[in-house]
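As a plain string of letters, each chain reads:
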Amino acid sequence: MIKKSLKYLVIILTNLLVLISLLVIWTDKLEIKFNSWIRLIEVLKLLGISILGLPLLRLLVEVFRKLKINSVKKRIGISICLILCLSIYFYVDYGLKIYSNRIVNNELRDGIIKKIKPVEFGLAYGNKAENLTNNEYTEITKMKWFPKLPKEAENISYSYDYDGFLPDYSFSLVYDLPKVMKVDTLNYKNGTFSKSRNFEVIGNTKRVTYFEGQW
């Protein structure tokens, strides 16, 4: 009985290992920089799908018996198709992210990671970067909640630090816009949360400073 069940367990484990390999490929240094828990979270998802696959395969074995499907090759083939269908979302999702991170935007993401430096502020965690292009900053906003900027924004710098346990954080952003563009100033405070936006004219550009934080 154990020997007969082993081949189905091998299918589950093989599928899990393939998906974990794809996960490791798409989570490059930049991804981990902004989502340090991403691999653990995704592995837990994959384990959940794998555990779900066990009773489904057990049910499929009962179907084989009732339909008198005795061919080992046919049983294995149908079982593999079932597990692939169960995992299809992850194959598509990871595949698209590998294409985006490792092929289309590989050079861009390598350039970003070289510009990012750790924030050194007491016991706070965080990072900062200077002189980002609009494309580089936009790539970061795909992974982090940082506010999106107009496509005309350039010479972008940010600094983000946060407490490892408390919700306290601070985020500052400086960027340049053409002088002709309108910039709405902002000064908002609600309890421990505040945010502001101001600018100054420097030659033909507006240097915008944005800040938000909670403490």
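Residues numbered from 1 in each chain as written. Predicted model: local features only at pLDDT ≥ 70, side-chain atom pairs only at ≥ 80, totals over all residues. Heavy atoms only, no water.

1. A closer look at the packing of aromatic side chains
Counted according to the given criterion, the structure contains 19 aromatic pairs. For the ring pair F90 and Y94, a centre distance of 5.9 Å and an interplane angle of 65° mean the geometry is edge-to-face. Placement of the pair is F90 and Y94 together in helix α4 (residues 72-104), with a separation of four residues, close to one helical turn. Taken together through their ring pairs, the aromatic side chains of F34, Y125, W145, F146, Y158, Y160, Y162, Y169, F171 and Y210 make up a single cluster. The ring centre of W26 lies 4.4 Å from the NZ or CZ of K97, which sits over that ring. Above the ring of F199, the side-chain terminus of K206 is found at 4.9 Å from the ring centroid. (Phe/Tyr/Trp six-rings, centres within 6.5 Å; stacked < 30°, edge-to-face > 60°. Helix = DSSP H or I, 4+ residues; strand = E, 2+ residues; numbered from the N terminus. Lys NZ or Arg CZ within 6 Å of the ring centre and 35° of its normal.)

2. Focus on unusual backbone geometry
Backbone geometry places N131, a non-glycine residue, at a positive phi of 55°. On the secondary structure map, N131 appears in strand β2 (residues 125-132). Of note in this structure, N155 is not a glycine but carries a positive phi near 50°. Relative to the helices and strands, N155 is located in strand β3 (residues 154-162).

3. Observations concerning the nonpolar core
Of all hydrophobic cores here, the largest spans 24 residues; its most connected members are Y158, F171 and L173. Those elements that provide at least two residues to this core are α2 (29-34), β2, α6 (134-141), β3, β4 (169-178) and β7 (205-214). The biggest single contributor to this core is β4, with five residues. Counting ten residues, the second-largest nonpolar core is a separate cluster that includes L23, I38, I49 and I98. (Core = buried A, V, L, I, M, F, W, Y, C linked by side-chain atoms within 4.5 Å. Buried < 20%, exposed > 50% of the residue type's maximum accessible area, 1.4 Å probe, protein only.)

4. Description of the pattern of salt bridges
All chains considered together, the criterion is met by nine salt bridges. Its salt-bridge partner being D28, residue R109 comes within 2.7 Å of it at the nearest N-O pair. Pair noted here: R109 is in helix α5 (residues 106-115) and D28 is in the loop between α1 (2-26) and α2, with a separation of 81 residues, a long-range link. Taken individually, R109 and D28 each receive the classification buried, so the pair is uniform in this respect. In this structure, D93 engages K97 in a salt bridge whose closest nitrogen and oxygen atoms are separated by 3.2 Å. Residue D93 and its partner K97 are both found in helix α4; the two are separated by four residues, about one turn of the helix. When its relative accessible area of 16% is taken as the criterion, D93 is described as buried. If you follow the salt bridges from partner to partner, you end up with D28, E31, R109, E139 and K142 in one network. (Salt bridge = Lys/Arg side-chain N within 4 Å of Asp/Glu carboxyl O.)

5. Some remarks on the side chain of N134
As for its position among the elements, N134 is in helix α6. Taking the relative accessible area as the measure of exposure, N134 reaches 15% and is therefore buried. At 3.1 Å, the side chain of N134 and the backbone oxygen of A153 are in polar contact. If near-sequence neighbours (up to four positions away) are discounted, N134 is found in contact with P150, K151, E152, A153 and I156. (Polar contact = N/O pair within 3.5 Å; in protein donor to acceptor, adjacent residues only side chain to side chain. Contact = heavy atoms within 4.5 Å.)

6. Observations regarding helix α3 (residues 38-66)
In this model, α3 (29 residues) spans 43 Å end to end at C-alpha, consistent with the 42 Å of a helix rising 1.5 Å per residue. Taken together, the buried positions of α3 are occupied by I38, E42, L46, I49, S50, G53, L57, L60, V61 and F64. Immediately beyond the C-terminal end of α3, within one or two residues, lies K68, with a positive phi of roughly 55°. (Expected span 1.5 Å × (residues − 1).)

7. Considering α6
Within α6, six of the eight residues are buried, which leaves the element mostly enclosed by the surrounding structure. Those residues of α6 that fall on the buried side of the exposure criterion are N134, E136, Y137, E139, I140 and T141. The elements touched by buried residues of α6 are α2, α4, α5, β2, β3 and β4.

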